[in-house]
Amino acid sequence: SVLTQSPGTLSFSPGERATLSCRTSQSVGNNYLAWYQQKPGRAPRLLIFGASTRATGIPDRFSGSRSGADFTLTINRLEPEDFAVYYCQQYGTSPMYTFGQGTRLEIK
Amino acid sequence: QVQLQESGPGLVRPSGTLSLTCAVSGLSINNNNWWSWVRQSPEKGLEWIGEIYHTGGTHYNPSLKSRVTISLDNFRSQFSLKLTSVTAADTAIYYCAKNGAWCLESWGRGTQVTVSS
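Residues numbered from 1 in each chain as written. Chains lettered and ligands numbered in written order. Predicted model: local features only at pLDDT ≥ 70, side-chain atom pairs only at ≥ 80, totals over all residues. Heavy atoms only, no water.

1. A short note on the side chain of S106 of chain B
Residue and element names in this part refer to chain B. Relative to the assigned elements, S106 resides in strand β10 (residues 104-107). Overall, S106 belongs to the buried group, its relative accessible area being 17%. The contacts of S106, once residues within four sequence positions are left out, are V2, L4, C96, A97 and K98. (Helix = DSSP H or I, 4+ residues; strand = E, 2+ residues; numbered from the N terminus. Buried < 20%, exposed > 50% of the residue type's maximum accessible area, 1.4 Å probe, protein only. Contact = heavy atoms within 4.5 Å.)

Quick look at the structure:
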């Protein structure tokens, strides 16, 4: 299964809303899709699991949704600390976990 | 809150064996959890290597399965990664992680491993 994140880079200003896309090449059962945020020199941080459930401590301006094979991460009211790289991840059979190539969210 | 810390050599010779350990604190490693290794390189991005259960059961990425062994030491509260016959393509940042609900919910800080003579 291949995860395609588009576009590779997005540019927004603080306060705006950003929508990031992740498309799966195979059907993802039971919404087994997660989103991570990664900042330079840091490990990925879990934001969303089960397509739409926020992880512990994640602000409610982050939300996830699904429409068929398309998954979306929405970030409302962008804060300066939100500018980072975002990855989607699918849970499958073998391999158990696959990742998208990432979308870089940069300040306009 | 669980904490994970990777350790091991930062430089491995080509054809050698990469060995890393992940120390787990703040949570019993014997809890009903899977524990994973993930690596990240500019060429391949994020790549899941494999996982181990507290009873010792494992799953590996088919692309690495012939070279990977993940083991767990309940007494020392740590789990380990061995990757044999390494090449420059195995140069990456290696992370250990605690699995969650179809995701990787907690990550170590990562450790850079370079394969070079």
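Next, the rest of the story.
2. A word on the pairing of strand β7 (residues 68-73) of chain B
All names here are of chain B. Of the two faces of β7, only one is covered, namely that formed by V68, I70 and L72; the face formed by T69, S71 and D73 stays uncovered. By the bridge criterion, six bridges tie β7 to strand β8 (residues 78-83) in an arrangement that is antiparallel. Residue I70 lies in a different strand from β8, and its bridge partner there is L81. Joining the antiparallel neighbours β7 and β8 is a turn of four residues, in which S77 adopts a positive phi near 55°. (Pairing = 2+ DSSP bridges.)

3. Some remarks on unusual backbone geometry
Here the bond from S6 of chain A into P7 of chain A is cis, since omega is -10°, no more than 30 degrees from zero. Here P7 of chain A is to be found in the loop between β1 (3-6) and β2 (9-12). You will see that A51 of chain A, though not glycine, has its phi angle at about 75°, which is positive. Along the polypeptide, A51 of chain A turns up in the loop between β5 (45-49) and β6 (53-54). Positioned with a positive phi, S85 of chain B is a non-glycine residue whose angle comes to about 50°. Structurally, S85 of chain B is set in the loop between β8 and β9 (92-99).

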